Amino acid sequence: MMTDSTAALMAQAQASAQYGKQNNIAARMDSLTDGHIKTEEQARKAGEEFESMFLGQMLSHMFAGLETNEMFGGGHGETMMRSMLVDEYAKEMSRAGGIGIADAVTREILKVQEG
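Residues numbered from 1 in each chain as written. Predicted model: local features only at pLDDT ≥ 70, side-chain atom pairs only at ≥ 80, totals over all residues. Heavy atoms only, no water.

Considering the overall build of the protein
The following threshold applies: In this text, helices come from DSSP runs of H or I with a minimum length of four residues, and strands from runs of E with a minimum of two, each type numbered from the N-terminal end. Buried residues are those whose accessible area, probed at 1.4 Å on protein chains only, stays under 20% of the maximum for their type, while exposed residues exceed 50% and partly exposed ones sit between those limits. Pairs of residues are marked as contacts when any of their non-hydrogen atoms sit within 4.5 Å. Here the open area of atoms and residues is found with the Shrake-Rupley method and a 1.4 Å probe, where only the protein chains shown may cover a residue.
A count of helices and strands for the protein gives four helices and zero strands. Within the protein, buried positions represent 24% of all 115 residues. For the protein, long-range pairs separated by at least 24 residues make up 79% of all intrachain contacts whose partners lie at least 6 apart in sequence. When the accessible surface of the protein is split by element, carbon and sulfur atoms take 59% of a total near 8,100 Å².

In structure tokens form, the structure reads like this:
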């Protein structure tokens, strides 16, 4: 059974992790749209990174409601590491072919650059 102070610490850790993740996503989006993409390879990489960010957001909502078994997991460490695990899942899904977002984003980047 968690005490009130432990529950408060867990909630604070989750909020802090989510806030940091949102700031990181905003910074990554700025880097993708700042006009520095010059080659088709860079456009493809930007498309894959965008798809990875999208999948990460979708997966984070999926994992948000999961309770862990206190005997085999849980605690502050799991709270802090879950977002990194979800990001790695998203990157691996994107590397394995993703869901088609990377191709669409790459096409749009190239179309915008062509004028």
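Digging into a nonpolar patch on the surface
Cut-off, in case you're wondering: Two distance rules govern patches: like charges are joined within 9 Å, and nonpolar side chains (Val, Leu, Ile, Met, Phe, Trp, Tyr) within 5 Å, applied only to residues with over 30% relative accessible area and no salt bridge. Note on definitions: salt bridges are taken to be side-chain nitrogens of Lys or Arg within 4 Å of carboxyl oxygens of Asp or Glu.
Taken together, Phe54, Met58 and Ile99 make up a surface patch of nonpolar side chains, about 290 Å² in accessible area. Here Phe54 shows up in helix 2 (residues 40–64).

Some thoughts on the packing of helix 2 against helix 3 (residues 75–95)
Selection criterion: To get an axis, fit a line to the C-alpha atoms, keeping to the stretch in contact for a helix; angles then go from 0 to 180 degrees between the N-to-C directions. Roughly parallel means an angle under 35 degrees; roughly antiparallel means over 145; roughly perpendicular covers 65 to 115; every other angle is labelled oblique. Each crossing gets its hand from how the near helix is turned against the far one by less than a right angle, where anticlockwise is left-handed and clockwise is right-handed. Lys, Arg, Asp and Glu make up the charged group, whereas Ala, Val, Leu, Ile, Met, Phe, Trp, Tyr, Cys and Pro make up the nonpolar group; the residues left over, Gly among them, are polar.
The geometry of helix 2 relative to helix 3 is characterised by a closest axis approach of 8 Å and an angle of 135 degrees between their N-to-C directions. Accordingly, the angle class assigned to the pair helix 2 and helix 3 is oblique. Every pair of crossing elements has a handedness; the one defined by helix 2 and helix 3 is right-handed. Note on element contacts: helix 3 touches helix 2 through Arg82, Val86, Tyr89, Ala90, Lys91, Met93 and Ser94, opposite Glu48, Glu51, Ser52, Leu55, Gly56, Leu59, Ser60 and Phe63. Of the residues belonging to the contact of helix 2 with helix 3, the class tally is seven nonpolar, four polar and four charged.

Focus on the pattern of salt bridges
Tallying each qualifying case throughout the model produces five salt bridges. Glu48 is paired through a salt bridge with Arg44; the nearest N and O atoms lie 3.3 Å apart. Residue Glu48 and its partner Arg44 are located together in helix 2, separated by four residues, close to a single helical turn. Where salt bridges share partners, they join Arg44, Glu48 and Asp103 into one cluster.

Side note on the environment of Met62
Here Met62 is to be found in helix 2. On the accessibility criterion, Met62 (51% relative accessible area) is exposed. With 24 residues separating them along the chain, Met62 and Val86 place their C-alpha atoms 9.7 Å apart.

Here's the deal with helix 2
The condition is simple: Here, expected helix span is obtained from the residue count minus one, scaled by 1.5 Å.
A rise of 1.5 Å per residue sets the reference length of helix 2, with its 25 residues, at 36 Å; its end C-alpha atoms lie 36 Å apart and thus fit the reference within 8%. Residues of helix 2 that are buried include every one of Ala43, Ala46, Gly47, Glu51, Ser52, Met53, Leu55, Gly56, Leu59, Ser60 and Phe63, and no others.

A closer look at the environment of Phe54
Look at Phe54 and you get partly exposed, because its relative accessible area is 33%. Placed 40 residues apart in sequence, Phe54 and Ser94 show a C-alpha to C-alpha distance of 9.8 Å. Sequence-distant contacts of Phe54, defined by excluding residues within four places in its chain, comprise Ile99 and Ile101.

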